[in-house]
Amino acid sequence: MDSRVPPRPPEPRPRRRDRHGRGMRGPVAPPQVPLAASRAEAFIDLVHDSVDRLERRWPQLSDVEFTVREVPPPDGSDQDGGSSWDDGTVPLGRLVTAGGSRPARIVIYRRPVEIRTKSRDERALLIHEVVVEQVAELLGLAPESVDPRYGQD
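A few points on the structure. These numbers come from a predicted model, not from an experiment.

Rules used in this analysis
- Residues numbered from 1 in each chain as written.
- Predicted model: local features only at pLDDT ≥ 70, side-chain atom pairs only at ≥ 80, totals over all residues.
- Heavy atoms only, no water.
- Helix = DSSP H or I, 4+ residues; strand = E, 2+ residues; numbered from the N terminus.
- Buried < 20%, exposed > 50% of the residue type's maximum accessible area, 1.4 Å probe, protein only.
- Contact = heavy atoms within 4.5 Å.
- Axes fitted to C-alpha atoms, helices over the stretch in contact; angles between N-to-C directions.
- Parallel < 35°, antiparallel > 145°, perpendicular 65-115°, else oblique.
- Left-handed = near helix turned anticlockwise from the far one by under 90°.
- Nonpolar A, V, L, I, M, F, W, Y, C, P; charged D, E, K, R; others polar.
- Salt bridge = Lys/Arg side-chain N within 4 Å of Asp/Glu carboxyl O.

### Describing the side chain of His128
Link 1 in the chain: By secondary structure assignment, the location of His128 is in helix H3 (residues 120-139).
Link 2 in the chain: You can call His128 buried: its relative accessible area is 6%.
Link 3 in the chain: Ignoring sequence-local partners within four residues, the contact set of His128 consists of Ser50, Arg53, Leu54 and Asp147.

Here's what the structure looks like:
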């Protein structure tokens, strides 16, 4: 007589079907509606709006590369060799000067900006302030001369 236990049959997998015959659900909103944009995409749109606003006044900004990163590097240094946050505060953005064939770059850090704002309007204002400050540093000017409405909103 064999004392081995016969193997169990495989567990039945849960059914994945449309129980009410209505088909698979589609997206909540069509792609053209702002609701369909992710938070990251909405943030990038706000940065582009701010840059477009400044490029009308300062055409030389067309040579500057504007990028968005999630967070600043944890060790305080960027891949470009510069130090991001020596004083212990988390930066909202930074300027990477041009070097060789690489154009100047302004980096905006998404998560620190989002944490400091509650609404889309506050976020747009803070993004514009950060962009103006970085452009002012790049051009060697005061932020008020880059955008006369700086600090007034």
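### A word on the packing of helix H1 (residues 39-57) against H3
Geometrically, a packed helix pair is captured by the angle between its two axes and the distance between the axes.
Link 1 in the chain: Two elements in contact, H1 and H3, have axes whose closest approach is 9 Å; the angle formed by their N-to-C orientations is 50°. Taken together, the axis directions place H1 and H3 in an arrangement best described as oblique. Considering only the axes of H1 and H3, their crossing is right-handed. Listed contacts from H3 to Phe43, Leu46, Val47, Ser50, Val51, Arg53 and Leu54 of H1 are Arg120, Arg123, Ala124, Ile127, His128, Val131, Val132 and Val135.
Link 2 in the chain: Within the contact of H1 with H3, the residues separate by chemical class into 10 nonpolar, two polar and three charged.

### Some remarks on the pattern of salt bridges
Should their charged atoms come close, side chains of opposite charge can pair.
Link 1 in the chain: One pass over the full model with this rule turns up four salt bridges.
Link 2 in the chain: Ionic pairing is found between Glu65 and Arg105, a salt bridge with its closest N-O pair at 3.4 Å. In this pair, Glu65 is assigned in strand S1 (residues 65-69) and Arg105 in strand S3 (residues 105-109), connecting sequence segments 40 residues apart.
Link 3 in the chain: Residue class for Glu65 comes out partly exposed when judged on its relative accessible area of 35%.
Link 4 in the chain: With relative accessibility at 9%, the residue Arg105 sits in the buried group.
Link 5 in the chain: Notably, a salt bridge pairs Glu114 with Arg110, separated by 2.9 Å at the nearest N-O pair. Of the two residues, Glu114 and Arg110 are both situated in helix H2 (residues 110-115); the distance of four residues between them amounts to about one turn of the helix. Note on accessibility: Glu114 and Arg110 belong to one class, buried.

### Quick look at the environment of Glu133
Link 1 in the chain: Position of Glu133 relative to the elements: it lies in helix H3.
Link 2 in the chain: When the C-alpha positions of Glu133 and Arg94 are compared, they lie 9.1 Å apart, and in sequence the two are 39 residues distant.

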